[in-house]
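# Survey of secondary and tertiary structure
Chain by chain, the residues run as shown.
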Amino acid sequence: MSSPKRRIETDVMKMMMNDYQVTLKDDNMQEFYVTFKGPAETPFEGGVWRIHVELPDQYPYKSPSIGFVNRIFHPNIDELSGSVCLDVINQTWSPMYDMINIFEVFLPQLLRYPNPTDPLNGEAAALMMREPKSYEAKVKEYVQKYASKDAADNDDDATDEDDELSSVASYDSGDEEEAAGNMDDL
């Protein structure tokens, strides 16, 4: 059985190899940010969010902590803290899941199919149930205001000043810079 440390390294490397922009906090593979794009054919399409990820020492046996850094209007995501209410992360997590599952399946599904009956954002849940068109308009307004490419770039600038972050872009980024680390060195 592989150690949790090795699994953390493997999952983070898999994210980078699958063209996710991963930014380590203080060169720590257990705390990082991932750039996440809203799923197509949803009101979140075109949105770009920074997702804060913390992997516990017991990962993958204990679930990661996931939170949206920039604001999003969604029944199952707390608007101010960015906390995500998602059973598969909070209650039914399994070591069979990995970070790719979170960003390619769980988060896109959450945005596509919100659950207004178990809200973290009561206003979004009520609006979604009572006035679906108004809910969709407000989601799009938030995407423009807080999750457009410009908003994400401005948020990057603010976050970079607050935290010491090392950017570890995808391997296929076209940059001629050296990779932040080598798996053989670990």
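Everything quoted here is computed from the prediction, not taken from an experiment.

As for its position among the elements, F106 is in helix α3 (residues 99-112). With a relative accessible area of 12%, F106 lands in the buried category. Taking the C-alpha atoms as reference, F106 lies 7.7 Å from V88; in sequence the two are 18 residues apart. F106 has contacts with L86, V88, W93, Y97 and N101, leaving out every residue within four places of it along the chain.

Pairing is possible between side chains that carry opposite charge, provided their charged atoms lie close to one another. Using the criterion set out here, one finds seven salt bridges in the structure. For the salt bridge of R6 with E9, the shortest nitrogen-to-oxygen distance reads 3.9 Å. Here R6 pairs with E9, and both are found in helix α1 (residues 4-17), just three residues apart, close to one helical turn.

A few words on the packing of aromatic side chains. Summed over the entire model, instances satisfying the criterion amount to 11 aromatic pairs. Arranged with centres 6.2 Å apart and planes meeting at 80 degrees, the rings of W49 and F68 form a pair that is edge-to-face. Placement of the pair is W49 in strand β3 (residues 48-54) and F68 in strand β4 (residues 65-68), with a sequence separation of 19 residues. Like F68, W49 is buried. Ring centres of F73 and Y142 lie 5.3 Å apart, and the angle between their planes is 45 degrees; on these two criteria the pair is classed as tilted. With a gap of 69 residues between them, F73 in the loop between β4 and α2 (87-90) and Y142 in helix α5 (residues 132-146) connect regions that are remote in the sequence. Across the pair, Y142 and F73 agree in class, each one buried. Members of the aromatic cluster, joined through ring pairs, are Y20, F36, F44, W49, F68 and F103.

Cut-offs applied
Residues numbered from 1 in each chain as written. Predicted model: local features only at pLDDT ≥ 70, side-chain atom pairs only at ≥ 80, totals over all residues. Heavy atoms only, no water. Helix = DSSP H or I, 4+ residues; strand = E, 2+ residues; numbered from the N terminus. Buried < 20%, exposed > 50% of the residue type's maximum accessible area, 1.4 Å probe, protein only. Contact = heavy atoms within 4.5 Å. Salt bridge = Lys/Arg side-chain N within 4 Å of Asp/Glu carboxyl O. Phe/Tyr/Trp six-rings, centres within 6.5 Å; stacked < 30°, edge-to-face > 60°.

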